[in-house]
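# Analysis of the macromolecular model
Here's the letter readout for the chains.
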Amino acid sequence: MLLASCTLDHDGCVVCSDAGIPVRVLSIEGDDALCEDAAGNRAQIAVELVAPVQVEEVLLAHGGVAIGKVEAKS
């Protein structure tokens, strides 16, 4: 479950400014991944900065680029 008020369908967010949007990786092709946010919006996200990436992993995306990984709670 992704918890976020920011989604991929906005150009910017007055709440989080430059913070990353949590997205779940659906598929990977080269240095890009099809990702989905908490609202179900999908986008191609560049993942080379956080590689290696796996399907179902949760990333933080900003401006179409993954900038970090979200660690699963144990």
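Right, let's walk through the structure included here. All values derive from a computational prediction rather than experimental measurement. (Residues numbered from 1 in each chain as written. Predicted model: local features only at pLDDT ≥ 70, side-chain atom pairs only at ≥ 80, totals over all residues. Heavy atoms only, no water.)

Scanning the protein for helices and strands turns up 0 helices and 5 strands. Each helix (α) and strand (β) of the protein, taken in turn from the N terminus, gives the series β-β-β-β-β. Of the contacts made within the protein by residues no fewer than 6 positions apart, 36% connect residues no fewer than 24 positions apart. Carbon and sulfur atoms form 51% of the exposed surface of the protein, whose accessible area is close to 4,900 Å². (Helix = DSSP H or I, 4+ residues; strand = E, 2+ residues; numbered from the N terminus. Contact = heavy atoms within 4.5 Å. Areas by Shrake-Rupley, 256 points an atom, 1.4 Å probe, with all protein chains shown as cover.)

Structurally, Arg 42 is set in strand β3 (residues 42–46). Arg 42 sits 19 residues away from Val 23 along the chain, and the two C-alpha atoms are 8.7 Å apart.

Counted by the stated rule, this structure contains 2 salt bridges. Between Glu 36 and Arg 42 there is a salt bridge whose closest N-O contact spans 3.0 Å. Among the salt bridges present, the one from Glu 57 reaches Lys 69, with a minimum N-O distance of 3.4 Å. In this pair, Glu 57 sits in the loop between β3 and β4 (58–62) while Lys 69 sits in strand β5 (residues 65–70), placing the two residues 12 residues apart along the sequence. Under the relative-accessibility criterion, Lys 69 is labelled partly exposed at 37%. (Salt bridge = Lys/Arg side-chain N within 4 Å of Asp/Glu carboxyl O. Buried < 20%, exposed > 50% of the residue type's maximum accessible area, 1.4 Å probe, protein only.)

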